[in-house]
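Residue-level listing of the chains:
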Amino acid sequence: NAGVTQTPKFQVLKTGQSMTLQCAQDMNHNSMYWYRQDPGMGLRLIYYSASEGTTDKGEVPNGYNVSRLNKREFSLRLESAAPSQTSVYFCASSETGGLYVQYFGAGTRLSVL
Amino acid sequence: SQQGEEDPQALSIQEGENATMNCSYKTSINNLQWYRQNSGRGLVHLILIRSNEREKHSGRLRVTLDTSKKSSSLLITASRAADTASYFCATGMDSNYQLIWGAGTKLIIKP
């Protein structure tokens, strides 16, 4: 009954460091998403994967890369972290795109110093 | 850029009162969804209304959709302290795999 699982829950990086945020879903969903949420704002889409083997840029892709490792897993990589990437990151999944409900993980709180 | 805009940005009411929040959007949609986010947590889906529907109910929630005005409202009746959260609308379109999100309404229920 896990749904969408994100790791880690918290992370502090120094400017220039790299890291990968992991996301896995156990609902057999085709589509997966990475969002960032800044204080007082809604969600902004970073990247999404409509189906296994495909990835596409969202609204704010600069500074990020993604990998759809298999149907279950979708990772987000920061190659050289910047303070502007301090945010809360959410992974979500859905059956097929924007026509269906999205299910969210608990989020990763990232601070870049 | 965000398509949905919620109004008001923040709302504070007494427990037991009804809470109404509104969402406006800009382009044609296939469906509109409302989500709740408790402080420090992920978003949880509340209700989905399709473009050919005008009203939908789920427990104490009532959602309306007016496609001619490109707007939706979420009514929470008989509010409870546990309803304190931020509420977001999101729109889905036929030709797009994405949901487009509003900035949210922060609802505070005072005991």
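Check the entry above for the structure.
Residues numbered from 1 in each chain as written. Chains lettered and ligands numbered in written order. Predicted model: local features only at pLDDT ≥ 70, side-chain atom pairs only at ≥ 80, totals over all residues. Heavy atoms only, no water.

Right, let's talk about the overall build of chain A for a bit. The secondary structure content of chain A amounts to zero helices and eleven strands. When the helices and strands of chain A are placed in sequence order, the string is β-β-β-β-β-β-β-β-β-β-β. Taking 2.2 N^0.38 as the reference for a compact globule, 113 residues should give roughly 13 Å; the C-alpha atoms of chain A span a radius of gyration of 13 Å, in line with that estimate. Projecting the C-alpha coordinates of chain A onto the three principal axes gives extents of approximately 35 × 25 × 25 Å. (Helix = DSSP H or I, 4+ residues; strand = E, 2+ residues; numbered from the N terminus. Rg over C-alpha atoms; globule rule 2.2 N^0.38 Å.)

A separate point is the overall build of chain B. Across its full length, chain B carries zero helices and eleven strands. Secondary structure elements in chain B, listed N-terminal to C-terminal, are β-β-β-β-β-β-β-β-β-β-β. At 13 Å, chain B has a C-alpha radius of gyration in line with the 13 Å of a compact globule built from 111 residues. Considered along the principal axes of its C-alpha atoms, chain B spans approximately 45 × 30 × 20 Å. Within the span of chain B, comprising 111 residues, buried residues form 47% of the whole. Across chain B, every contact between residues at least 6 apart in sequence was considered, and the portion connecting residues at least 24 apart equals 55%. Total accessible area on chain B stands at roughly 5400 Å², and carbon and sulfur atoms take up 44% of it. Taking the average location of the 13 positive side-chain charges in chain B and that of its 10 negative ones, the two points are 3 Å from each other. (Buried < 20%, exposed > 50% of the residue type's maximum accessible area, 1.4 Å probe, protein only. Contact = heavy atoms within 4.5 Å. Areas by Shrake-Rupley, 256 points an atom, 1.4 Å probe, with all protein chains shown as cover. Lys, Arg positive; Asp, Glu negative; His and termini not counted. Charge placed at Lys NZ, Arg CZ, Asp CG, Glu CD.)

Let's shift gears to the packing of aromatic side chains. Scanning the model with the defined rule gives nine aromatic pairs over all chains in all. Note on B:Y35 and B:W101: the rings are 4.9 Å apart at their centroids and 55° apart in plane angle, and the pair reads as tilted. Pair noted here: B:Y35 is in strand β4 (residues 31-37) and B:W101 is in strand β10 (residues 99-101), with a separation of 66 residues, a long-range link. In this pair, the class of B:Y35 matches that of B:W101, namely buried. Site record: aromatic cluster; members linked through ring pairs are A:Y33, A:Y35, A:Y48, A:F90, A:F104, B:Y35 and B:W101. (Phe/Tyr/Trp six-rings, centres within 6.5 Å; stacked < 30°, edge-to-face > 60°.)

Moving on: the sheet that holds strand β3 (residues 19-25) of chain A. All names here are of chain A. Across the sheet, which stays open at both edges, the four strands sit in the order β1-β3-β8-β7 with antiparallel pairing between neighbours. With one partner strand each, in any of the chains shown, β1 (4-7) and β7 (64-68) form the two edges of the open sheet. Averaged over all adjacent pairs, the angle separating strand axes in this sheet is 15°, with direction ignored. Where β7 lies against strand β8 (residues 74-78), five bridges are found, and the strand directions are antiparallel. Residue pairing for β8: N65 is matched across the bridge by R77. (Pairing = 2+ DSSP bridges. Axes fitted to C-alpha atoms, helices over the stretch in contact; angles between N-to-C directions.)

Let us look at the interface of chain B and chain A. Contact with chain B, which involves 25 residues of that partner, is made by 24 residues of chain A. Approximately 1800 Å² of surface area, both sides summed, lies buried where chain B meets chain A, with 56% of it carried by carbon and sulfur atoms. On the chain B side of the contact with chain A, B:Y97, B:Q98 and B:W101 bury the most area, a combined 33% of that side's loss. Summed over the shared surface of chain B and chain A, the result is zero salt bridges. Seen at the junction of chain B and chain A, the total is four residue pairs in polar contact (both at pLDDT 80 or more). Of all the secondary structure elements, the ones that give two or more residues to the side of chain B that touches chain A are β4, β5 (43-50), β9 (85-92) and β10 of chain B. Taken together, the residues of the side of chain B that touches chain A break down into nine nonpolar, 13 polar and three charged. (Buried area = accessible area lost by both parts, 1.4 Å probe. Salt bridge = Lys/Arg side-chain N within 4 Å of Asp/Glu carboxyl O. Polar contact = N/O pair within 3.5 Å; in protein donor to acceptor, adjacent residues only side chain to side chain. Nonpolar A, V, L, I, M, F, W, Y, C, P; charged D, E, K, R; others polar.)

So, on to the sheet that holds strand β1 (residues 5-7) of chain B. The pairing of strands in a sheet happens through backbone hydrogen bonds and is either parallel or antiparallel. Residue and element names in this part refer to chain B. Reading across the sheet, the five strands line up as β1-β3-β8-β7-β6 and stay open at both edges, with antiparallel pairing between neighbours. Edge positions in the open sheet fall to β1 and β6 (55-58), since each of these has one partner strand only. Neighbouring strand axes in the sheet, compared pairwise and without regard to direction, differ in orientation by 20° on average. Taken together, the six bridges between strand β7 (residues 61-66) and strand β8 (residues 71-76) define a ladder with antiparallel strand orientation. Residue pairing in the sheet places R62 in a bridge with L75 of β8.

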